[in-house]
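Working through the structure, step by step
Here is what each chain is made of, one letter per residue.
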Amino acid sequence: MVNSLIHPKQGDKANSAWFEEFLVRLLENRDRTGLSEMIREIDALMITVEPGCSAAYVSELALMTPYHYLVTLESESHWTHILRIDMESPDLLVREVRDPGRGDIFRSLNEVYPIGAHKPNSRYMGEIFRVSNLHEVVEQQKGREIRFFNQDQIRKLELPGNMAIVKPSPYTHNVVAYWERPPEDMRVYALGNSVILDEVNRGYHAAKAIQEDLGLDKLIRPIDHLATRVYSQNREVAILEYLTLSSYYYWGSYDIANQNSSTNVTKSIHYADERISPAKVFTAANQPYFVNHLVGLPSPTENFVRNYGPRLHHLALAVADGETGNQANIDYVVDAIRARGKDFLLDVIGSREEGLKQIFSSASEHSSLIIEYVQRFGDFDGFFTKQNVAELTHAAGVEENLRLLQAESEAANPLVNA
């Protein structure tokens, strides 16, 4: 039987006694009932963008990531572009809302937040897990009071009909979906007619030609981790909820005190290689926003959640260890992409001596997601360094404050950009 509790916990962040008790109870129960064994790797990630934005976003991803445009699924209200690296790494499903007036539950999750409402359809939706027995997984999760969309709701939302999809989390606003796929079978999404869109295909090929000419295709690896930001009071419950929905284990938490924040990591019990099933990271403030004036600390994480809502903050991609042109590979990658007009929030931070280097891009104008690059050197033992995380968190907070000011200005002067 799988044992989800064999991994030693990392980090210096203190958890509550309640968290420590239910971490053990939930994982022991998950293992004993077979859920840990039945829920396998992340097969795909779902992202939605604004009308007219998906071709540019696919082109951006083609340059900055290893993903390839495979096909578009056409349904009544969406284009869903399938991006793939290979059958070992998760696919990306990039959904474009075709009607700007369309409303659904996912749009409503954006509309109550000042920056989120500025792009009401732009959001990361969640992960699709491969399972070995869909019926049994769904029945067990329903017994844990997990709520699923029914088939009529899935049809109206134009999500793949060959999946069971959990309703959005009250803590992360993300969904989790399950589907039963033998590992030797191709991933086929039951959603609409298959087409190749000329605009998307042209942009993809142009971006890939640049990527290959620069040699970036040999350096940028698959997704390393997914980082979600949640409210301070929801840190522990968001982690435990995800462990209930997945087959991940709790790797540990680190306190980033000078940014009034903590970074909390979960990983797959089945796959040590994150390119098969990326780590899921939860970031939360240490204190709620209304005591900031008393503690005298910045609060970039809580501010992000208040401005965008709980949601995915960034996708992190690994960079191959080594050097190109007497530069660490990550420095070469960033310089090459920056020269093509993509902005980054800061210079590459970290060093070979510290064991890794990292950087955040600016948030995509198409999806609002940040791309992180991370290069780990040699036999680096760990996931990140606290100092790197502090600098990245601060830099992201500066950009988010600027975006808030822009959104407030546009809301006050609606004719400026009309």
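Just above, that's the structure.
Residues numbered from 1 in each chain as written. Predicted model: local features only at pLDDT ≥ 70, side-chain atom pairs only at ≥ 80, totals over all residues. Heavy atoms only, no water.

Further remarks concern the nonpolar core. Core analysis: the biggest nonpolar cluster contains 83 residues, and Y178 and Y373 have the highest contact counts within it. Broken down by element, this core gets its largest block of residues, 7 residues, from helix α3 (residues 54–64). Each of domain 1 (37–211) and domain 2 (213–407) contributes no fewer than three residues to this core. Y373 has contacts with M64, I220, L317, V319, I330, V333, V334, I337, F344, K357, Q358 and I359, leaving out every residue within four places of it along the chain. (Core = buried A, V, L, I, M, F, W, Y, C linked by side-chain atoms within 4.5 Å. Buried < 20%, exposed > 50% of the residue type's maximum accessible area, 1.4 Å probe, protein only. Helix = DSSP H or I, 4+ residues; strand = E, 2+ residues; numbered from the N terminus. Domains from an automatic or database assignment. Contact = heavy atoms within 4.5 Å.)

For a regular strand, side-chain orientation follows a simple rule: the groups alternate between the two sheet faces. Within strand β12 (residues 261–268), 8 of the 8 residues are buried, which leaves it mostly tucked inside the rest of the structure. If you look at the hairpin formed by strand β11 (residues 248–256) and β12, you'll find 4 residues sitting between the two strands, and N260 has a positive phi there, around 55 degrees. By the bridge criterion, 6 bridges tie β12 to strand β13 (residues 279–285) in an arrangement that is antiparallel. Residue pairing across strands places T263 opposite T283, the latter belonging to β13. (Pairing = 2+ DSSP bridges.)

Turning next to empty space enclosed by the protein. In this approach, a probe sized like a water molecule rolls over the atoms, and the result shows the empty space that is left. Summed over all chains, the structure comprises 4 cavities of 30 Å³ or more. Space inside the largest cavity adds up to approximately 190 Å³. Taken together, 16 residues form the lining of the largest cavity, with H225, T263, H314, E372 and V389 sitting closest to its centre. Class assignment for the residues of the lining of the largest cavity results in 8 nonpolar, 6 polar and 2 charged. Within this model, the second largest cavity holds a volume of roughly 70 Å³. (1 Å grid on protein atoms, 1.4 Å probe; cavity = no way out; pocket = protein on both sides within 12 Å on 5 of 7 lines; lining within 4 Å. Points joined across faces, edges and corners; volume = space filled by probe spheres on them. Nonpolar A, V, L, I, M, F, W, Y, C, P; charged D, E, K, R; others polar.)

Right, let's get into the sheet that holds strand β19 (residues 370–376). Spatially, 9 strands are ordered β1-β11-β12-β13-β10-β14-β19-β18-β17 in an open sheet, and the strand pairing comes out mixed. The open sheet has two edge strands, β1 (10–11) and β17 (349–351), and neither has a second partner. In this fold helix α11 (residues 329–338) packs onto β10 (220–230), β14 (311–319), β18 (356–360) and β19, with an angle of close to 150 degrees to the strand it touches most, β19. (Axes fitted to C-alpha atoms, helices over the stretch in contact; angles between N-to-C directions.)

Within the fold, L214 resides in helix α7 (residues 198–214). Once you skip the residues sitting within four places of it in the chain, L214 turns out to touch Y332, A336 and R340.

Within the open sheet, the 8 strands sit side by side as β7-β8-β6-β2-β5-β4-β3-β9. Their pairing is mixed. For this open sheet the edge positions go to β7 (164–165) and β9 (193–195), each flanked by a neighbour on one side alone. Both strand β4 (residues 78–84) and strand β5 (residues 91–97) contribute to a ladder of 6 bridges, which runs antiparallel. Within β5, the residue paired with W79 across the bridge is E96. In the packing of α3 onto the sheet, contacts are made with β2 (39–49), β3 (68–74), β4 and β5, and the angle to β5 comes to roughly 155 degrees. With respect to the sheet, helix α8 (residues 235–245) is in contact with β2, β6 (123–131) and β8 (175–180), its orientation differing from that of β8 by roughly 10 degrees.

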